[in-house]
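# Residue-level structure breakdown
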Amino acid sequence: MTALLEIDLAAVVSNWRKLAAMHAGATAGVIKADAYGLGAAQVGPRLLAAGCRHFFLAHLAEAVALRPLLPGVMLAALNGLRPEETGDCHAQGIVPVLGSLHELGWWRAEAALRGEVLPVILQVDTGMARLGLSAKELAALREDQTLLQGLRVEYVLTHLTSSEIPRAPVNHRQVLAFAGVMQQFPGVKTSIANTSGMFLGADFASDLARPGAGLYGLNPTPEAANPMRPVVRLSAPILQIHEVETGGTVGYGGDWVAKRPSRIATVGVGYADGYLRALSNTGTARFDDTPVPLVGRVSMDLTTFDVTGLRASPGDMLCLLGPEHGPDALAREAGTNGYEILTSLGRRYRRRYIGA
Ligand SMILES: *Cc1c(COP(=O)(O)O)cnc(C)c1O
């Protein structure tokens, strides 16, 4: 009996529509990392049908894999290009997001080889120091127009470091720096906000927003109620119930000790399924609507919950993730974020797409 992961595609579409209605510009769908673990092959076409015309992946290979399912729309690869990838990128009509003079050189060479003008999205670094052109590289582009020869800049993009913290001064510092950079690219379209950035107000508006997390139900405004619809439910059948006497222990290391006669429910989900070991002795699940604490250590394929006093029996379902206790809540218990919970979701779960 395996766990069931239900993914509500109607909720993903509704979240995209809600975000798209929040601003005047276009709204992309960020579907990197297999749509945050939920299935890019399912999510992508649904967003396409809903009117989404711009998609972001991380790796070129991810974009290539999705191209047949997402014809005729912009597929962009955030992590840029390696020199050996330029041919594929061109052949598949993928727009690389480039953030170094090296990458621009490789893409220029491809344009020259094909005798075509090739599209590019330029990423500028305004504080992330991860990807993107530096001030020095931007100066080089100003001084030498040939560095963009054969390339058509579709968007200039930057990424916010702290958009989920509305009062963080760095947010405004980044948009100010970006506005300065845009003087160098008059008339070129811009792309600034991720999901949380879309909630920061008019200063963060751009021609193309890039929401990911919010589509999948994560809360883009952690200091306020979640405006997004929940998307995932993970439920696992109870395999066995164990009666443990006071003083008895549960699981590896025996580091959970029963303080009262306890009923322990075992489910067939463990850290090999992305149910993080950091949840040991701190996670919670739901039986009906009652929270049940995770007791003992999460093991590779099994996890145990204290269902003392509840009418839980083998075959009944425990809800490990759901509307009442979503990925953000589980993440807090594990000491991580909802993104990691979603992208870790296991491959052994039975997956059911609903709202199709
Ligand atoms: C992942 C990513 C996004 C999406 O961010 P969310 O917080 O998931 O909305 C947007 N832009 C870039 C550059 C990214 O890497």
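Residues numbered from 1 in each chain as written. Predicted model: local features only at pLDDT ≥ 70, side-chain atom pairs only at ≥ 80, totals over all residues. Heavy atoms only, no water.

## Thoughts on the pattern of salt bridges
Two side chains carrying opposite charge are able to pair once their charged atoms lie near each other. As enumerated under the stated definition, the model contains eleven salt bridges in all. Notably, a salt bridge pairs Asp 306 with Arg 260, separated by 3.2 Å at the nearest N-O pair. Of this pair, Asp 306 sits in strand β17 (residues 303-306) while Arg 260 sits in the loop between β13 (256-257) and β14 (262-267), placing them 46 residues apart in sequence. Among the residues examined, Arg 260 registers a relative accessible area of 43% and is labelled partly exposed. Asp 301 is paired through a salt bridge with Arg 348; the nearest N and O atoms lie 2.9 Å apart. Of the two residues, Asp 301 sits in the loop between β16 (290-293) and β17 while Arg 348 sits in the loop between α10 (338-344) and β19 (350-354), which places them 47 residues apart along the sequence. (Salt bridge = Lys/Arg side-chain N within 4 Å of Asp/Glu carboxyl O. Helix = DSSP H or I, 4+ residues; strand = E, 2+ residues; numbered from the N terminus. Buried < 20%, exposed > 50% of the residue type's maximum accessible area, 1.4 Å probe, protein only.)

## Some thoughts on helix α7 (residues 135-143)
Those residues of α7 lying buried are Glu 137, Leu 138, Ala 139 and Leu 141. On its buried face, α7 is in contact with α6 (101-114), β7 (118-123) and α8 (169-182). (Contact = heavy atoms within 4.5 Å.)

## As for the domain arrangement of the protein chain
Domain boundaries in the protein chain define domain 1 (9-216) and domain 2 (232-354). Taking only C-alpha atoms into account, the centre of domain 1 sits 38 Å from that of domain 2. Facing eleven residues of domain 1, the contacting portion of domain 2 comprises nine residues. Across the interface of domain 1 and domain 2, roughly 880 Å² is buried in total on both sides, 58% from carbon and sulfur atoms. (Domains from an automatic or database assignment. Buried area = accessible area lost by both parts, 1.4 Å probe.)

## Focus: the UniProt feature "modified residue: N6-(pyridoxal phosphate)lysine" (unreviewed entry) in the protein chain
In the numbering adopted here, UniProt assigns the feature "modified residue: N6-(pyridoxal phosphate)lysine" (unreviewed entry) to Lys 32. Beyond its immediate sequence surroundings of up to four residues, Lys 32 is in contact with Phe 56, Leu 57, Ala 58, Glu 62 and Leu 78. (UniProt positions renumbered as here; feature names shortened; annotations may be inferred.)

## As for the pairing of strand β4 (residues 54-57)
A two-sided burial pattern is seen for β4, the buried positions comprising His 54 and Phe 56 on one face and Phe 55 and Leu 57 on the other. Direction of pairing for strand β3 (residues 29-30) relative to β4: parallel, over a ladder of two bridges. Considered in β4, the bridge of Gly 29 is made with Phe 55. Each parallel crossover has a hand, and the one from β4 via helix α4 (residues 60-66) to strand β5 (residues 74-77) is right-handed. (Pairing = 2+ DSSP bridges. Right-handed = clockwise from strand over helix to strand, strands pointing away.)

## Concerning the nonpolar core
Counting residues in hydrophobic clusters, the biggest one holds 106 residues, and the most contacted among them are Ile 31, Phe 56, Leu 122, Tyr 216 and Tyr 275. It is helix α1 (residues 9-20) that provides the largest number of residues to this core, a total of six residues. Per-domain counts for this core show at least three residues from each of domain 1 (9-216) and domain 2 (232-354). Non-local contacts of Tyr 216, meaning those with residues more than four positions away in its chain, are made with Val 12, Val 30, Ile 31, Ala 35, Tyr 36, Leu 38, Val 43, Val 231 and Leu 342. Formed by six residues, the second largest nonpolar core is a distinct cluster that contains Val 250, Trp 256, Ala 258 and Val 295. (Core = buried A, V, L, I, M, F, W, Y, C linked by side-chain atoms within 4.5 Å.)

## Topic: the site of the ligand
Surveying the vicinity of the ligand reveals 13 residues, the closest of which are Lys 32, Tyr 36, Thr 195, Ala 213 and Tyr 339. In this structure, Tyr 339 approaches the ligand through a side-chain N or O atom, which is 2.6 Å from an oxygen atom. A total of 390 Å² of accessible area belongs to the ligand in isolation, and the protein chains cover 92% of it. Its residues assigned to classes, the shell around the ligand shows six nonpolar, four polar and three charged. (Near = heavy atom within 4 Å. Polar contact = N/O pair within 3.5 Å; in protein donor to acceptor, adjacent residues only side chain to side chain. Areas by Shrake-Rupley, 256 points an atom, 1.4 Å probe, with all protein chains shown as cover. Nonpolar A, V, L, I, M, F, W, Y, C, P; charged D, E, K, R; others polar.)

## Examining the environment of Glu 103
By secondary structure assignment, the location of Glu 103 is in helix α6. When the C-alpha positions of Glu 103 and Leu 81 are compared, they lie 6.2 Å apart, and in sequence the two are 22 residues distant. Polar side-chain contacts of Glu 103 include one of 3.1 Å to the backbone nitrogen of Leu 81.

## Examining α1
Taking 1.5 Å of rise per residue, the twelve residues of α1 would be expected to cover 16 Å, and the 16 Å separating its terminal C-alpha atoms lies within 8% of that figure. Listing the buried residues of α1 in full gives Leu 9, Ala 11, Val 12, Val 13, Asn 15, Trp 16 and Leu 19. Lining the buried residues of α1 we find β1 (4-8), β2 (26-27), β3, α3 (40-50) and β19. Capping the start of α1 is the job of one residue whose side-chain oxygen sits 3.1 Å from the backbone nitrogen of Ala 10: Asp 8. (Expected span 1.5 Å × (residues − 1).)

## As for the pairing of strand β11 (residues 232-244)
Direction of pairing for β1 relative to β11: antiparallel, over a ladder of four bridges. Along β11, the bridge assignment pairs Leu 5 with Leu 234. Sheet topology note: the β11/strand β18 (residues 317-321) ladder contains four bridges and is antiparallel. Paired with Pro 237 across the strands is Met 317, a residue of β18. Pairing of β11 with β14, which is carried by six bridges, proceeds in the antiparallel orientation. Within β14, the residue paired with Val 244 across the bridge is Ser 262.

## Looking at the environment of Ala 209
Looking at the element boundaries, Ala 209 is found in strand β10 (residues 208-209). For Ala 209, a relative accessible area of 3% puts it in the buried group. Apart from the residues lying within four places of it in its own chain, the contact partners of Ala 209 are His 23, Ala 26, Thr 27, Ala 28, Ala 193 and Met 198.

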